[in-house]
Structure formats: C-alpha cells, structure tokens
Amino acid sequence: YPVLVPNIIGMENAISSGATEVAVFSAASETFSQKNTHCSIAESFIRIQDIAKLAKVHKIPMRGYISCALGCPYEGNISIDAVLKVALQLHQLGCHEIALADTIGVATPNKARNLVDAISRHISISKLAIHFHDTYGQALANIYACLELGVSIIDSSIAGLGGCPYAKGASGNVATEDLLYMLNGLGIHTGVDFNAIIEVSRFVTKFIGRPSNSKVSQAILSSK
C-alpha cells in the first residue's frame, strides 16, 4: 500500500509503520501550493529531496503527484511548460511514477491528451499516471483519450469519493466502478473483481451514510 508523505516527519512515520511505497506531491500552481501546504513549489521540492534521500536509503519506491496539472481554482489555466517543469524535477528525484492530477476536474479530452502527449516526449509513457476528478462529468472521456496514447496507470476511488478542501467545488475522483465498467467493455484486463468492487461500494456508502457518485453502482444497486 502506498502512503502519502508531505514531509520528512511523514516519511519517518511511514518507515516505522512498515510502508512499502510512498507518494510525494507538489503542484503546477504556486497559489495552490501555498493554500494546500503553505509553501512555494520550490520549497515543496526541498521537502521532497529530504524524503527522496530516506527513500533511497530504505529502498522504498516513491511516486510523485502534480496537483492542478490541468487547471487551478485560483490561477485558472495552467501551462504545459509549468507541469513539465515539475514532472522533470520529480523524475530526477527518482519517482518511478508521476501522476498528472486534474484536481478540480476541469479537463476535457483534448486538453488531457495534449498534456500527456507533451509530457511523454520527455518522460516515458509507462511512468505516467492519470488522476481525474469528475466535477464536470468528463473523467471517463479524459481517461479514454489518455488510454489511446498508451497510459496504463489510472487512479480512481470507490463510489467516486474524494475531493480537496483547498479546491472549492471539486468533486470526487472518477468512480472505480465506472472506470472498471468502461475498461471491461474495452476488453482491457485489470485483474480487479468487478462484483467485489460493487459490494465494497455498497458497504462504504452505507457506512458513511452517503450515496455513491458512481452511475454504475447506482444502476446496479437500484435494480436489486
């Protein structure tokens, strides 16, 4: 299980807890970086450098996230060059995967495709992951566009849960159930048990007392 570590203390806690993979994060937006972690992008990399040193010593794989890679609630559009600069720094520090995150869910397929295409000219497509929120209902379309470029690492969340306290209006991540339904329909093998995921979704939403954001779960559970 990968765990998110914001600083060296988090990394030390991860190591003592037996974590076998960690994830670090920065942003392509200076304003979001300040709002989210009270530091500049440059300062975030000072923290990541310290984490990377410990990760190397303990031979723990490190994944990197880039928040607001496709739009920011404070700065609006984000340039591809800004994202590329952060991606290259994460890559140089040893991140084996780099997740391009549409934190507020404003991306559309062409925009998503253009970003992944541009970054993949500098970092292997096999190292790129995608992370889409479904604020405007575009997550699956964006994922499909990226699949056509060869992306094979996709973040999702049960029942479409998630969001960000520093990204007003952002909804949850793309629902795992909806993503699996699409991938199964495309004949793409994931190794994930679709029926088990539906049951997990049923359990989680009942436990937290909140309906699922997944169209697939809503359809299946309402038909039973």
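A quick note: this is a predicted structure, and the numbers were derived from the prediction, not measured.

### Points about the overall build of the protein
Okay, step 1: Summing up its helical and strand segments, the protein has nine helices and six strands in all.
Okay, step 2: The C-alpha atoms of the protein give 17 Å as radius of gyration, which agrees with the globular expectation for 224 residues (17 Å, within 12%).
Okay, step 3: The buried share among the 224 residues of the protein stands at 46%.
Okay, step 4: Restricting the contact set of the protein to residue pairs at least 6 apart, pairs at least 24 apart contribute 67%.
Okay, step 5: Accessible surface for the protein amounts to roughly 11,200 Å². Of this, 55% is attributable to carbon and sulfur atoms.
Okay, step 6: In the protein, 17 side chains carry a positive charge and 17 a negative one; their mean positions are 2 Å apart.

### Some words on the packing of aromatic side chains
Okay, step 1: Tallied over the entire structure, the rule returns two aromatic pairs.
Okay, step 2: Ring plane angle 45 degrees and centroid distance 6.5 Å describe the contact between Tyr181 and Phe194, whose orientation is recorded as tilted. Here Tyr181 is found in helix α7 (residues 176-185), whereas its partner Phe194 is found in helix α8 (residues 194-208), with 13 residues between them in sequence.
Okay, step 3: On the basis of an interplanar angle of 25 degrees and a centroid distance of 5.9 Å, the ring pair of Phe203 and Phe207 is categorised as stacked. Of this pair, Phe203 and Phe207 both sit in helix α8, four residues apart, which is roughly one turn of that helix. Phe207 carries the same exposure label as Phe203, and that label is exposed.

### Some thoughts on the sheet that holds strand β4 (residues 97-102)
Okay, step 1: Ordered by their spatial adjacency, six strands build an open sheet running β1-β2-β3-β4-β5-β6, and the pairing between neighbours is parallel. Every interior strand has two partners, whereas the edge strands, β1 (2-4) and β6 (153-154), have only one.
Okay, step 2: Helix α4 (residues 80-92) contacts β2 (21-27), β3 (62-67) and β4 of the sheet and is inclined by roughly 165 degrees relative to β3.

### With respect to the side chain of Asn173
Okay, step 1: Within the fold, Asn173 resides in the loop between β6 and α7.
Okay, step 2: For Asn173, the side chain forms a polar contact with the side chain of His131, separated by 2.8 Å.

### What about the pattern of salt bridges?
Okay, step 1: What the rule picks out here adds up to five salt bridges.
Okay, step 2: The partner of Arg113 in a salt bridge is Glu148, with the nearest N and O atoms 3.7 Å apart. Here Glu148 lies in the loop between α6 (139-147) and β6 and Arg113 lies in helix α5 (residues 109-120), a separation of 35 residues in the sequence.
Okay, step 3: Its relative accessible area of 25% is what places Arg113 among the partly exposed residues.
Okay, step 4: Residue Glu148 is classed as exposed on the basis of its relative accessible area of 52%.
Okay, step 5: With its nearest N and O atoms 3.3 Å apart, the salt bridge here joins Glu199 to Arg202. Of this pair, Glu199 and Arg202 both sit in helix α8, separated by three residues, roughly a single helical turn.
Okay, step 6: For Glu199, a relative accessible area of 39% gives the class partly exposed.
Okay, step 7: A single network of salt bridges, built from pairs that share partners, joins Arg63, Glu97 and Asp155.

### Focus: the layout of surface pockets
Okay, step 1: Of the volumes computed, that of the largest pocket is approximately 580 Å³.
Okay, step 2: Taken together, 23 residues line the largest pocket, and the ones lying closest to its centre are Leu4, Arg63, Tyr65, His131 and Asp155.
Okay, step 3: When contributions to the lining of the largest pocket are tallied by element, the ones reaching two or more residues are β1, β2, α2 (30-37), β3 and β4.
Okay, step 4: Looking at the lining of the largest pocket, its residues break down into eleven nonpolar, eight polar and four charged.
Okay, step 5: Put simply, the second largest pocket is a space of about 230 Å³.
Okay, step 6: In this structure, the second largest pocket is lined by 14 residues; those nearest its centre are Asp134, Ala175, Asp178, Asn213 and Lys215.
Okay, step 7: At the level of elements, α6 and α9 (215-222) are the ones that each hand at least two residues to the lining of the second largest pocket.
Okay, step 8: Grouping the constituent residues of the lining of the second largest pocket by class yields five nonpolar, six polar and three charged.

### Remarks on the nonpolar core
Okay, step 1: In this structure, Ile66, Val83, Leu90, Ile119 and Phe132 are the most contacted members of the largest nonpolar core, which totals 53 residues.
Okay, step 2: Discounting chain neighbours no more than four positions away, the residues touching Leu90 are Val24, Phe45, Ile48, Gly64, Tyr65, Ile66, Cys95 and Ile98.
Okay, step 3: In terms of nonpolar packing, the next biggest core, distinct from the first, is built from six residues, Ala23, Phe25, Ala99 and Ala129 among them.

Analysis parameters
- Residues numbered from 1 in each chain as written.
- Predicted model: local features only at pLDDT ≥ 70, side-chain atom pairs only at ≥ 80, totals over all residues.
- Heavy atoms only, no water.
- Helix = DSSP H or I, 4+ residues; strand = E, 2+ residues; numbered from the N terminus.
- Rg over C-alpha atoms; globule rule 2.2 N^0.38 Å.
- Buried < 20%, exposed > 50% of the residue type's maximum accessible area, 1.4 Å probe, protein only.
- Contact = heavy atoms within 4.5 Å.
- Areas by Shrake-Rupley, 256 points an atom, 1.4 Å probe, with all protein chains shown as cover.
- Lys, Arg positive; Asp, Glu negative; His and termini not counted.
- Charge placed at Lys NZ, Arg CZ, Asp CG, Glu CD.
- Phe/Tyr/Trp six-rings, centres within 6.5 Å; stacked < 30°, edge-to-face > 60°.
- Pairing = 2+ DSSP bridges.
- Axes fitted to C-alpha atoms, helices over the stretch in contact; angles between N-to-C directions.
- Polar contact = N/O pair within 3.5 Å; in protein donor to acceptor, adjacent residues only side chain to side chain.
- Salt bridge = Lys/Arg side-chain N within 4 Å of Asp/Glu carboxyl O.
- 1 Å grid on protein atoms, 1.4 Å probe; cavity = no way out; pocket = protein on both sides within 12 Å on 5 of 7 lines; lining within 4 Å.
- Points joined across faces, edges and corners; volume = space filled by probe spheres on them.
- Nonpolar A, V, L, I, M, F, W, Y, C, P; charged D, E, K, R; others polar.
- Core = buried A, V, L, I, M, F, W, Y, C linked by side-chain atoms within 4.5 Å.

That's the geometry; what it means functionally is another story.
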